[in-house]
Amino acid sequence: GAVVSQHPSRVICKSGTSVKIECRSLDFQATTMFWYRQFPKKSLMLMATSNEGSKATYEQGVEKDKFLINHASLTLSTLTVTSAHPEDSSFYICSARDLYEWDQTTGEQETQYFGPGTRLLVL
Amino acid sequence: KQEVTQIPAALSVPEGENLVLNCSFTDSAIYNLQWFRQDPGKGLTSLLLIQSSQREQTSGRLNASLDKSSGRSTLYIAASQPGDSATYLCAVRPQAGTASKLTFGTGTRLQVTL
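Criteria and cut-off values
- Residues numbered from 1 in each chain as written.
- Chains lettered and ligands numbered in written order.
- Predicted model: local features only at pLDDT ≥ 70, side-chain atom pairs only at ≥ 80, totals over all residues.
- Heavy atoms only, no water.
- Helix = DSSP H or I, 4+ residues; strand = E, 2+ residues; numbered from the N terminus.
- Rg over C-alpha atoms; globule rule 2.2 N^0.38 Å.
- Buried < 20%, exposed > 50% of the residue type's maximum accessible area, 1.4 Å probe, protein only.
- Contact = heavy atoms within 4.5 Å.
- Areas by Shrake-Rupley, 256 points an atom, 1.4 Å probe, with all protein chains shown as cover.
- Salt bridge = Lys/Arg side-chain N within 4 Å of Asp/Glu carboxyl O.
- Pairing = 2+ DSSP bridges.
- Axes fitted to C-alpha atoms, helices over the stretch in contact; angles between N-to-C directions.

Caption draft 1: Highlighting the overall build of chain B. Secondary structure assignment for chain B yields zero helices and eleven strands. In chain B, the succession of helices and strands from N to C terminus is β-β-β-β-β-β-β-β-β-β-β. For chain B, the C-alpha radius of gyration of 14 Å lies close to 13 Å, the compact-globule estimate for 114 residues. Taking the principal axes of the C-alpha coordinates as reference, chain B spans close to 45 × 30 × 20 Å. For chain B, buried positions account for 44% of its 114 residues. Of all intrachain contacts in chain B linking residues separated by at least 6 positions in sequence, the fraction that spans at least 24 positions is 55%. Element-wise, carbon and sulfur atoms account for 48% of the exposed surface of chain B, whose accessible area totals about 5,300 Å².

Below, the structure written as structure tokens:
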């Protein structure tokens, strides 16, 4: 099946620094990728929808200048946490839909593939 | 705004038991519903996907049902095993389209004991 990777898997940084997280679709292409944030023992909260070649769409309450998203190719989206603070510590997960995987019955891209997540700790 | 709730929040059962996880959603106008498994500190693995026109889906020991009109879905796990221990999340997709976003439930943490 399709694989989504994230790098790094975990990162520790000092407060005030910026951290970049990469999300790659390894064996498929994706025009749309999604970035989620998950707090301990909580569910996933969608942060933004990353669109290849255009600006990301952010969910209400998510600071776009704080969480910079770049989707420069059909296989790579990056999330940069700028001027990170301890409250930004969290588990970040990305997902993607295969551009060429269409359900024959529904005509839709049914499956969303998730990365393994990146754990960020800001000291 | 769609809200997805899962009950119970945590569950511990002895190995071999059959169990049911519940998922409810407030807006019944959904395109599909999906069940995921998440191991601690890991990403998500898709288990079952049910289209809004379907009533249930089965995969091995797992059976998921959907009652869209009442806003409910259940995940039935037969003959539970310690390897089933994980957090189970349901997610609803409101509409078709590449950018259609999933809304996740609060999750059920399952522990299967020996």
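Caption draft 2: Inspection of the pattern of salt bridges at higher detail. Residue and element names in this part refer to chain A. Across all of its chains, the model carries five salt bridges over all chains by this definition. In this structure, Glu-22 engages Arg-24 in a salt bridge whose closest nitrogen and oxygen atoms are separated by 3.5 Å. A salt bridge links Lys-66 to Asp-88, with the nearest nitrogen and oxygen atoms 2.7 Å apart. Here the residue Lys-66 occupies a position in the loop between strand 6 (57-58) and strand 7 (67-73), and Asp-88 occupies one in the loop between strand 8 (76-81) and strand 9 (90-97), the gap between them amounting to 22 residues. For the residue pair Lys-66 and Asp-88, the accessibility class agrees, reading buried in each case.

Caption draft 3: Looking closely at unusual backbone geometry. With an omega of 0°, the peptide bond between His7(A) and Pro8(A) qualifies as cis. Along the chain, the position of Pro8(A) falls in the loop between strand 1 (4-7) and strand 2 (10-13). The residue after Ile7(B), namely Pro8(B), is reached through a cis peptide bond having omega -5°. Relative to the assigned elements, Pro8(B) resides in the loop between strand 1 (4-7) and strand 2 (10-14). One non-glycine residue with positive phi stands out, namely Ser83(A), at about 45°. On the secondary structure map, Ser83(A) appears in the loop between strand 8 and strand 9. Residue classification places Ser83(A) among the partly exposed positions, given a relative accessible area of 33%. Notably, Ala79(B) is not glycine yet its phi reads approximately 45°, a positive angle. Within the element layout of this structure, Ala79(B) appears in the loop between strand 8 (72-77) and strand 9 (86-93). Since its relative accessible area comes to 36%, Ala79(B) is described here as partly exposed.

Caption draft 4: Spatial organisation of the sheet that holds strand 1 of chain B. All names here are of chain B. Taken together, five strands build an open sheet; the order of strands is 1-3-8-7-6 and the sheet is antiparallel. Two strands in the sheet have a free side with no partner beyond their single neighbour: strand 1 and strand 6 (56-59). Each strand of the sheet is rotated relative to its neighbour by a mean of 15°, with strand direction disregarded. In the sheet, strand 3 (residues 19-25) pairs with strand 8 via six bridges, with the strands oriented antiparallel. Each residue of the ladder has a partner; that of Ser-24, found in strand 8, is Arg-72.

That's the geometry; what it means functionally is another story.
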